[in-house]
Amino acid sequence: LSNAVNVTLANTQARGSLLVGGGGGTPSDLLDLLATLTAGGSVTGTGGITTATTGIASRTTGTAPMAVFFDATGTTNSLSVDSFHDCAYFWHFGDDGAAMWAYGTGGGAYTKNQARGAVAAHCYETAGTKTAKVTPVHVSSAGTLSYGTTTEITITIDAADSTYSTTSTVCVANGAAPVPGVNGVPAGATCVGGITTVTAAMSAAGINSGSGTANKRLLFKRGDTFDVTVDDYIRKSSGIIGAFGTGSKPIIRFTTNNRAFYLLSVSNWSIMDLQFATTGFTKLCVGTQDASGSNILMLRLDASGTAGMEPSGDSVFMVDCNLQYLAGGTGYVGFYSQLGSRIVALGNRIYDCSGIEHNIRFQGCTKIVISNNTLYRQAVSKHLITIRGRSNQTSGHIETWSGVWCEHVIISDNDLDSGPNSGWANHLGAQNPGADERTRNVIFERNYVHGNCSVALMTEALTGIVVRNNLIREEFVGAYSDACILIVGRSSIGMPPPSDTRIYNNTIYQTYGAHAAFEAVGIAKDNTSALPTGTVAKNNLVYAPGATSNDYNSGVSGPIFIECRPNGGTTWVASSNTSDAQITGTAPGF
């Protein structure tokens with residue numbers, strides 16, 4: 001089978017062999033089906049799976065660029081499997097001009113026009129009528145192929161030049177006023193010269209005063225610099241902030257310790273094609289007052305030395321952005337969002353957050369997609385990706401459960417490099433043992449996790465976490481390395497320990513020298529929590545020629561592949577994995 005088939009379907013729920021036959025006509029085998037779906041075709045289901053048909057797209061009309069969240073979690077089946085975890089979902093967005101992703105594990109190879117997972121997202125950058133399609137697929141352990149009927153969704157995107165015709169577009173320049181119809185200035189646009197600050201530009205467009213709907217497009221001249229001199233706000237909904245002309249992106253320069261674009265309870269904004277820079281002042285590039293807004297898109301934004309992006313709300317997207325060497329200290333995150341839904345990070349590079357905290361932190365959010373990103377170097381004791389549930393703040397820093405799950409999370413196709421910093425590279429769970437922040441239904445797949453991390457993925461999430469088809473290169477050089485994949489009951493206030501954690505088809509490779517503390521999978525508990533239950537590890541390939549044992553200085557020792565601390569109990573099932581002897585002595589021929 002091709003790699004695309006292998007990593008997508010070789011482990012839906014079933015881990016057994018896949019049967020492929022002659023095919024032809026109506027897709028009757030896996031390869032025929034994949035050929036049809038990846039070409040944008042539709043199929044009639046085989047029975048057993050009922051594809052979701054309503055509420056799939058977060059919106060179906062709008063103006064380019066238009067980001068859409070797609071949700072097929074309403075899919076059901078009669079196959080006695082879990083539709084979210086055990087079916088593979090093939091999305092084709094009908095956007096044939098879409099390019100390849102630049103970052104993540106499929107950089108230069110994975111098209112933006114397709115996605116996988118029960119939740120997905122896409123940014124339509126050109127006008128037209130598109131047909132998005134989703135097909136759920138399942139293969140049983142006996143090799144039986146089942147799939148649902150393709151659901152089609154019509155998406156209509158208007159051109160920005162049509163929506164923001166004539167004076168609805170405002171073009172600003174640092175020097176002489178632009179000329180309508182010249183150098184990329186839309187015909188009929190309002191043109192203003194001598195604009196040196198972001199506040200003056202927003203005032204020219206009338207988006208930083210009053211309230212209501214703006215319906216304005218504000219375009220900065222490429223190659224010009226505009227200073228952030230005061231805290232100013234976007235107070236009206238609906239519009240685009242971007243660039244016109246040719247050459248390098250307009251520079252939004254921080255000359256005081258103030259925020260650049262801050263949205264005050266407004267919706268429907270696309271902020272794109274800008275470069276944020278600093279003269280030593282570090283503040284937010286894009287932020288929101290609260291989580292009451294919706295449809296916020298950050299597209300092709302560059303930033304260096306700034307404090308990152310922190311928008312919240314419903315349908316928040318960061319796509320194709322390049323952030324590096326972020327600064328500002330504790331409290332800042334490369335991409336932070338909280339208390340919202342349909343939160344998306346697609347195709348971004350967030351490089352070196354050692355001067356702030358996490359690369360990505362989503363807290364109290366539902367319906368999350370983090371795919372095709374390259375993340376490098378979180379701050380010490382922080383994480384490349386951290387997903388945290390929603391809790392209620394009480395006195396004494398004790399946070400009780402809100403009753404709202406953080407759920408339906410896809411983390412896929414990312415290159416996750418912790419660089420020289422140790423600790424947990426990726427974390428699914430509460431921010432501390434005194435917080436009851438519950439997460440469920442997460443898929444972590446096709447990611448490449450590496451760097452000097454003592455734990456590649458730590459999960460204390462509650463239930464339904466699937467870790468599959470990842471490559472983990474264990475490079476930790478310290479004296480003590482925890483498990484590559486660590487499942488922990490950590491709560492001190494009664495949050496239930498993890499349950500139903502499934503670890504399938506991962507490759508774990510140790511690249512440093514002799515190390516006594518190597519462990520592929522660890523199960524543990526701290527504080528007053530019980531041990532995790534329902535952990536299943538199958539078909540994992542491990543090679544660690546330098547490993548000698550996994551004695552944790554507590555007198556507890558066990559097999560190199562998986563250990564339960566404290567020892568004993570029947571909290572896990574492992575089968576068809578590399579044996580302890582093979583881990584150290586049988587090279588798999590990489």
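Before reading on, note that the structure itself is shown above.
Bear in mind that the values here come from a model prediction, so they are computed numbers and not experimental data.

*Asks:* Would you take a moment to explain the packing of aromatic side chains for this structure?
*Replies:* Two aromatic rings, taken as a pair, are described by how far apart their centres are and by the angle between their planes. Counted under the stated rule, the structure contains 12 aromatic pairs. Ring centres 4.8 Å apart and planes at 65° place the aromatic pair Phe220 and Phe226 in the edge-to-face group. Here Phe220 and Phe226 have matching classes, each one buried. Through a chain of ring-to-ring contacts, the aromatic side chains of Phe70, Trp91 and Phe93 assemble into a single cluster. Here the guanidinium or amino end of Arg116 rests over the ring plane of Tyr110, the centre of that ring lying 5.5 Å away. The ring of Trp401 carries the charged tip of Arg438 above its face, separated from the ring centre by 4.1 Å.

*Asks:* Can you help me understand helix H2 (residues 30–38) in this one?
*Replies:* Side chains three or four residues apart in an α-helix point the same way, a direct result of the helix having 3.6 residues per turn. Regarding H2, the residues found buried are Leu30, Leu33, Leu34 and Leu37. Looking straight down H2, one finds that the buried residues subtend no more than 95° of arc, so they occupy a single side. For H2, the capping residue at the N-terminal end is Asp29, with a side-chain oxygen 3.2 Å from the backbone nitrogen of Leu31. At the exit of H2 stands Gly40, carrying a positive phi of roughly 90°.

*Asks:* Would you mind going over the nonpolar core with me for this structure?
*Replies:* Nonpolar side chains in soluble globular proteins tend to be buried together. Within the largest apolar cluster, 91 residues are counted, with the highest numbers of intra-cluster contacts made by Leu218, Phe220, Ile241, Ile252, Phe261, Phe276 and Phe335. Top element by residues in this core is helix H5 (residues 198–205). It accounts for 4 residues.

*Asks:* How should H5 be read in this particular structure?
*Replies:* Every buried residue of H5 is accounted for by Val198, Ala201, Met202 and Ala205. Projected down its long axis, H5 carries its buried residues within an arc of 95°, all on one side. Each element contacted by the buried residues of H5 is listed here: strand E11 (169–172), strand E13 (213–221), strand E14 (225–228), strand E15 (233–234), strand E17 (251–254) and strand E18 (261–263). Directly beyond the C-terminal end of H5, a positive phi value near 70° is found at Gly206.

*Asks:* Explain the pairing of strand E20 (residues 275–278) to me, please; I cannot follow it from the model alone.
*Replies:* The two faces of the sheet receive side chains in turn, since in a regular strand these alternate between them. Pairing of E17 with E20 involves 4 bridges; the strand directions are parallel. Note that in E20 the partner of Ile252 across the bridge is Phe276.

*Asks:* I'm lost on unusual backbone geometry in this one. Help?
*Replies:* Of all residues except glycine, most have a negative phi; of all peptide bonds, most are trans. Note the cis peptide between Ala64 and Pro65, where omega equals -5°. Take Pro65: it is sitting in the loop between strand E2 (61–63) and strand E3 (66–71). For Arg377, which is not glycine, the phi torsion reads 60° and is therefore positive. For Arg377, a relative accessible area of 24% translates into the label partly exposed. Located in the positive-phi region is His408, a residue other than glycine, with phi close to 60°.

*Asks:* How do you make sense of the pattern of salt bridges when you look at a structure like this?
*Replies:* Counted according to the given criterion, the structure contains 21 salt bridges. The partner of Arg217 in a salt bridge is Asp161, with the nearest N and O atoms 2.8 Å apart. Of this pair, Arg217 sits in strand E13 while Asp161 sits in helix H4 (residues 160–163), and the two are 56 residues apart along the sequence. Exposure remark for Arg217: the relative accessible area of 7% places this residue in the buried category. For Asp161, a relative accessible area of 52% translates into the label exposed.

*Asks:* Any chance you could explain the state of the cysteines here in plain terms?
*Replies:* Two cysteines joined by a covalent bond between their sulfur atoms form a disulfide. Inspection of the entire model under this criterion finds 0 disulfides. As a non-bridged cysteine, Cys171 has Cys191 as the owner of its nearest cysteine sulfur, 5.0 Å distant. Among the cysteines around Cys353, which has no disulfide bond, Cys285 carries the closest sulfur, lying 12 Å off.

*Asks:* Can you help me understand the pairing of strand E25 (residues 314–319) in this one?
*Replies:* For E25, a buried count of 5 out of 6 residues is recorded, marking the element as mostly surrounded by other parts of the structure. Pairing between E25 and strand E28 (residues 341–346): 5 bridges, direction parallel. Bridge pairing in E28 places Val316 opposite Ile343.

*Asks:* I would appreciate a short explanation of empty space enclosed by the protein in the present structure.
*Replies:* On inspection of all chains with the given rule, the structure shows 3 cavities of 30 Å³ or more. Estimated volume of the largest cavity: approximately 80 Å³. Lining the largest cavity are 12 residues, and of these Cys87, Ala88, Gly117, Glu445 and Arg468 sit closest to its centre. Secondary-structure elements contributing two or more residues to the lining of the largest cavity are strand E5 (88–92) and strand E39 (439–445). Here the lining of the largest cavity is composed, by residue class, of 6 nonpolar, 2 polar and 4 charged. The computed volume of the second largest cavity comes to approximately 40 Å³. Breaking the lining of the second largest cavity down by element, the ones donating at least two residues are H5 and E14.

*Asks:* Honestly, the layout of surface pockets in this entry has me stumped. Any pointers?
*Replies:* Any space left empty among the atoms is revealed by the rolling of a water-sized probe across them. The space that makes up the second largest pocket amounts to roughly 270 Å³. Taken together, 16 residues form the lining of the second largest pocket, with Ala160, Arg217, Leu219, Ala243 and Met272 sitting closest to its centre. Every element with two or more residues in the lining of the second largest pocket is listed here: H4, E13 and strand E16 (237–244). For the lining of the second largest pocket, the leading source of residues is E16, giving 4 residues.

Quick notes on the rules
- Residues numbered from 1 in each chain as written.
- Predicted model: local features only at pLDDT ≥ 70, side-chain atom pairs only at ≥ 80, totals over all residues.
- Heavy atoms only, no water.
- Phe/Tyr/Trp six-rings, centres within 6.5 Å; stacked < 30°, edge-to-face > 60°.
- Buried < 20%, exposed > 50% of the residue type's maximum accessible area, 1.4 Å probe, protein only.
- Lys NZ or Arg CZ within 6 Å of the ring centre and 35° of its normal.
- Helix = DSSP H or I, 4+ residues; strand = E, 2+ residues; numbered from the N terminus.
- Arc of directions from axis to C-beta.
- Polar contact = N/O pair within 3.5 Å; in protein donor to acceptor, adjacent residues only side chain to side chain.
- Core = buried A, V, L, I, M, F, W, Y, C linked by side-chain atoms within 4.5 Å.
- Contact = heavy atoms within 4.5 Å.
- Pairing = 2+ DSSP bridges.
- Salt bridge = Lys/Arg side-chain N within 4 Å of Asp/Glu carboxyl O.
- Disulfide = S-S within 2.5 Å.
- 1 Å grid on protein atoms, 1.4 Å probe; cavity = no way out; pocket = protein on both sides within 12 Å on 5 of 7 lines; lining within 4 Å.
- Points joined across faces, edges and corners; volume = space filled by probe spheres on them.
- Nonpolar A, V, L, I, M, F, W, Y, C, P; charged D, E, K, R; others polar.

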